[in-house]
Structure formats: structure tokens, C-alpha cells
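# Coordinate analysis (summary)
Here is what each chain is made of, one letter per residue.
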Amino acid sequence: MTTGKTTNPPSPGKYKPMSPDLYPPTPIVGVGVLVEREGAILLARRGAEPKAGHWSLPGGHVELGEPVREAARRELAEECHVDVEVMDVLDVCDLIIRDEQERVRYHYVLIDFLGKYLGGTARSDSDVLEVAWVPIGQLANYHLTDAVRTVVDKGLALLGAGPNHSPSCRACPDR
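Reading the values: the criteria
- Residues numbered from 1 in each chain as written.
- Predicted model: local features only at pLDDT ≥ 70, side-chain atom pairs only at ≥ 80, totals over all residues.
- Heavy atoms only, no water.
- Helix = DSSP H or I, 4+ residues; strand = E, 2+ residues; numbered from the N terminus.
- Expected span 1.5 Å × (residues − 1).
- Buried < 20%, exposed > 50% of the residue type's maximum accessible area, 1.4 Å probe, protein only.
- Contact = heavy atoms within 4.5 Å.
- Pairing = 2+ DSSP bridges.
- Core = buried A, V, L, I, M, F, W, Y, C linked by side-chain atoms within 4.5 Å.
- Arc of directions from axis to C-beta.
- Lys, Arg positive; Asp, Glu negative; His and termini not counted.
- Salt bridge = Lys/Arg side-chain N within 4 Å of Asp/Glu carboxyl O.
- Polar contact = N/O pair within 3.5 Å; in protein donor to acceptor, adjacent residues only side chain to side chain.
- Phe/Tyr/Trp six-rings, centres within 6.5 Å; stacked < 30°, edge-to-face > 60°.

### A word on helix H1 (residues 68-80)
The first and last C-alpha atoms of H1 sit 18 Å apart over 13 residues, in line with the 18 Å expected at 1.5 Å per residue. What H1 keeps buried is the set Ala 71, Ala 72, Arg 74, Glu 75, Leu 76, Glu 79 and Cys 80. Looking at the packing, one finds that the buried side of H1 touches strand S2 (28-37), strand S3 (40-46), strand S5 (59-61), strand S6 (83-98), strand S7 (104-119) and strand S8 (128-135). At the C-terminal side of H1, His 81 shows a positive phi close to 60 degrees.

Here you go:
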């Protein structure tokens, strides 16, 4: 495995300043997946608002009629070209962003899962600017939000806190 970033060349309209999710009539359900491989976590740099340009866990919207675990697997395949087995729920949280008049600008209900890496070569696609397998010891360099860091910490605890997994690690092959 090679650690580091892979980047798609920017194309017109790739960095979207506005989102169709702006001022939604109801909350929007989203999914994210924490994938660990050989002591590194898969991160994606967002290409769309909210938080465009920030590093986060890869994921995206749940489509109408789509089960959340299928959405999580689909989003990783579309955004990062990585195949995962979607496992435990790590966290469920709200992302609510208000404008200057206190109106709800964005409201997401986010379901974050632990994912077991099955295959694929990580590369950015869809609305992701970059993807990176980030060594656990270098996560601080990616300025993750507190919410993302909380999910990462929960996942790493479940995995046995890093590259030297415990025998009970459910995301490791042959265990």
C-alpha cells in the first residue's frame, strides 16, 4: 500500500460553491465510513459545501429507497474507488449550519460506520477533490473537525487503536 494523496485534476465546476442541499425543507441523511488499512485511515477532501476543501471521512447522501449500509458502500465506490464491507455504526450526529439570520442553511443527520477494506485503489472522483491514506500518527496534520475526530477515535478504539490490532479486531482479515 502506498500512503499519501491522489488528486484528480480540477475540472470546470468541480469545486462547487453552492449545494442543492442549501436551506432544505427537512434534514438530509448522509453516511460516512471510517476505513483503516495497514495503519492508515482513508480521508477525502470535500469538493462541495458545506465544508468544501476540508478533509473528512468519505461518504455522501442516502438516496430515496436506499438502505444506509448500501449507500455507504456505494458512496465509497463512487467517491474513492474503494470497496468496503460496511460494519458497525460508530456514531449518529447532526450537522446543522445556520446563516446570519439563524435560518437553517444546512441540516444533515450523519450516520458514520466502520468499514472493512476489501479492495480497490483509492483515487478521487465525484465530488471529492483528493483522497489520502493517512497514517494514524499524521491525522493531526489534516485539521479534522471535532466531530470527525470523535468518530475516528471511536473507530480506532474498536480496532484496537492503530496498526497493532487486537486479536478481536473485527475489521482485520482472518480474525
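### Some details on the pairing of S6
As paired elements, S6 and S7 share 13 bridges and run antiparallel to each other. By the bridge assignment for S7, Cys 93 is matched with Leu 110. Between S6 and S7, which pair antiparallel in sequence order, lie five residues; one of them, Glu 102, sits at a positive phi of approximately 70 degrees.

### Things to note about the nonpolar core
Ranked by size, the top nonpolar core spans 19 residues in total, and within it Val 35, Leu 42 and Val 131 carry the most contacts. Looking at this core, the elements that each hand over two or more residues are S2, S3, H1, S6, S7 and S8. The dominant element in this core, judged by the number of residues it contributes, is H1, at four residues. Discounting residues that sit within four places of it in the chain, Leu 42 has contacts with Val 35, Leu 57, Pro 58, Leu 76, Cys 80, Val 82, Ala 122, Val 131, Ala 132 and Trp 133.

### Side note on helix H2 (residues 146-159)
With 14 residues, H2 should reach 20 Å at 1.5 Å per residue; the first-to-last C-alpha distance of 20 Å fits that figure. Here H2 has its buried residues at Val 148, Val 151, Val 152, Gly 155, Leu 156 and Leu 159. Viewed along the axis of H2, the buried residues span an arc of 130 degrees, placing them on a single side of the element. In H2, the exposed positions that point more than 90 degrees away from the buried face belong to Asp 146 and Ala 157. Structurally, H2 contributes buried residues whose contacts are with S2, S3, strand S4 (55-56), S6 and S7. Where H2 terminates, the next one or two residues include Gly 160, which has phi positive at roughly 100 degrees.

### Observations concerning the side chain of Asp 21
Turning to its location among the elements, Asp 21 is positioned in the loop between strand S1 (4-7) and S2. Arg 46 provides the closest opposite charge to the buried, unpaired Asp 21, separated from it by 6.7 Å. Engagement of the side chain of Asp 21 in a polar contact is seen with the side chain of Tyr 108, the distance being 2.6 Å. Contact partners of Asp 21, with chain neighbours within four places excluded, come to Ile 28, His 61, Arg 105, Tyr 106 and Tyr 108.

### As for the packing of aromatic side chains
The geometry of an aromatic ring pair comes down to the distance between the two centres and the angle between the two planes. Summed over all chains, the structure comprises three aromatic pairs. Plain terms: the ring middles of Trp 55 and Tyr 142 are 5.1 Å apart, the flat faces sit at 85 degrees to each other, and that makes the pair edge-to-face. With Trp 55 in strand S4 and Tyr 142 in the loop between S8 and H2, this pair connects stretches of sequence that are 87 residues apart. Residue classification places Trp 55 among the buried positions, given a relative accessible area of 10%.

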